[in-house]
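Examining the three-dimensional arrangement
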Amino acid sequence: MLVRIPDVLSKTQVSEMRHLIDGANWVDGNVTSGSQAALAKQNEQLAGDTLQAQQAGNIILDALQTNPLFISAALPHKVYPPLFNRYAGGQNFGNHVDNSIRPLPNSDFRIRTDLSATLFLAEPDSYDGGELIIDDTYGSHSIKLDAGDMILYPSTSLHRVTPVTRGVRVASFFWLQSMVRDDGQRTLLFDMDRSIQALTASNPDHPSIVQLTGVYHNLVRRWATV
Ligand SMILES: O=C(O)CCC(=O)C(=O)O
Ligand SMILES: [Fe+2]
């Protein structure tokens, strides 16, 4: 399931973040790649151990913690500290599937990557190309979002970023381990949660809301690992 999470960051937060990271220490993007991805990857990445990367990453993590759409869609268990990349001058990222397990350097933190995320930090009209193309069983999806919006997609997906032929595409990207590993089960829970929210908004006294909410939680209890 692909889910767009709009307005993870406000426009003001995006411009403050760009101010923070644009002049920081950018290095060859292959510092975090697996060997297959390294062949496909041409971009720059903000060095993960810089103060700017950590501060900017924390702003994103704080915003996500209070984003109901993100929580409902991802059911996050562990989130990898956000990384930052940029593409310009024809740079691109060829077809790849993200590594399954991601250790965090110099720590015992490691996650299974269930979901991948790209949070766009440049307005789409400021660069040409740079679409994130994600393949699933319905075909290929071309994603290019407003600055501040994020796409969440299963880490099992084959994906790529098309060459950036004008301007600069800046984004944050990261992975997370969900409490519910299976994408199909997570999608059912997301659909059910959204239906309960819609019913509660339109008909707050409906007698089935309590029972449906109970079923939702009992399914989470059955499927989640924490
Ligand atoms: O830049 C993006 O949107 C995706 C980056 C990516 O696929 C990766 O770093 O594995
Ligand atoms: Fe990727």
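Residues numbered from 1 in each chain as written. Chains lettered and ligands numbered in written order. Predicted model: local features only at pLDDT ≥ 70, side-chain atom pairs only at ≥ 80, totals over all residues. Heavy atoms only, no water.

1. Quick notes on the packing of helix α1 (residues 11-22) against helix α3 (residues 51-65)
In contact at an axis separation of 9 Å, α1 and α3 are set at 165° when each is read in the N-to-C sense. Judged by the angle between their axes, α1 and α3 are roughly antiparallel. Between α1 and α3 lies a crossing of left-handed hand. Between α1 and α3, the residues in contact are Gln13, Met17, Leu20 and Ile21 and Gln52, Gln55, Ala56, Ile59 and Ile60, respectively. (Axes fitted to C-alpha atoms, helices over the stretch in contact; angles between N-to-C directions. Helix = DSSP H or I, 4+ residues; strand = E, 2+ residues; numbered from the N terminus. Parallel < 35°, antiparallel > 145°, perpendicular 65-115°, else oblique. Left-handed = near helix turned anticlockwise from the far one by under 90°. Contact = heavy atoms within 4.5 Å.)

2. Quick look at the environment of Gln185
Note that Gln185 resides in helix α5 (residues 183-202). Assessed through its relative accessible area of 23%, Gln185 is described here as partly exposed. Taking the C-alpha atoms as reference points, Gln185 and Leu119, 66 residues apart in sequence, are found 24 Å from one another. If we skip the residues at most four places from it in the chain, Gln185 touches Val180 and Trp223. (Buried < 20%, exposed > 50% of the residue type's maximum accessible area, 1.4 Å probe, protein only.)

3. Looking at the coordination of the iron ion (ligand 2)
His96 (NE2), Asp98 (OD) and His159 (NE2) make up the full set of protein donors to the iron ion (ligand 2), lying at 2.1 to 2.2 Å. Expressed as a motif, the donor residue spacing for the iron ion (ligand 2) is H-x1-D-x60-H. Here Asp98, found in the loop between β6 (93-96) and β7 (101-103), pairs with His159, found in strand β14 (residues 159-161); they are 61 residues apart in sequence, far enough to count as distant. Judged on exposure class, the residue Asp98 and its partner His159 are both buried. (Donors = N, O, S within 2.8 Å, 3.2 Å for Na, K, Ca; no water.)

4. A short note on the site of ligand 1
For ligand 1, the full set of nearby residues is Asn85, Tyr87, Phe93, His96, Asp98, Thr118, His159, Val161, Arg169 and Phe173. Isolated, ligand 1 exposes 290 Å² of accessible area, and the fraction of that covered by the protein chains is 97%. When residues of the shell around ligand 1 are traced back to their parent elements, those giving at least two are β5 (83-87), β6, β14 and β16 (169-178). (Near = heavy atom within 4 Å. Areas by Shrake-Rupley, 256 points an atom, 1.4 Å probe, with all protein chains shown as cover.)

5. Describing the domain arrangement of the protein chain
By convention, interface size is frequently given as the accessible area that disappears when the constituent parts associate. Segmentation of the protein chain into domains returns domain 1 (3-178) and domain 2 (183-223). Every contact between the two is made by 10 residues of domain 1 and, on the other side, six residues of domain 2. Of the roughly 630 Å² buried at the junction of domain 1 and domain 2 (both faces included), carbon and sulfur atoms supply 63%. Summed over the shared surface of domain 1 and domain 2, the number is zero salt bridges. Across the contact surface, domain 1 and domain 2 share two residue pairs in polar contact (both at pLDDT 80 or more). In terms of residue count, the dominant contributor to the side of domain 1 that touches domain 2 is helix α4 (residues 68-74) (four residues). The class makeup of the residues in the side of domain 1 that touches domain 2 is seven nonpolar, two polar and one charged. (Domains from an automatic or database assignment. Buried area = accessible area lost by both parts, 1.4 Å probe. Salt bridge = Lys/Arg side-chain N within 4 Å of Asp/Glu carboxyl O. Polar contact = N/O pair within 3.5 Å; in protein donor to acceptor, adjacent residues only side chain to side chain. Nonpolar A, V, L, I, M, F, W, Y, C, P; charged D, E, K, R; others polar.)

6. Remarks on the pattern of salt bridges
One pass over the structure, following the stated rule, counts eight salt bridges. Between Asp135 and Arg160 there is a salt bridge, with the nearest N and O atoms lying 3.4 Å from each other. Separated by 25 residues along the polypeptide, Asp135 in strand β11 (residues 132-136) and Arg160 in strand β14 bring together distant segments of the chain. In this structure, Asp183 engages Arg186 in a salt bridge whose closest nitrogen and oxygen atoms are separated by 3.0 Å.

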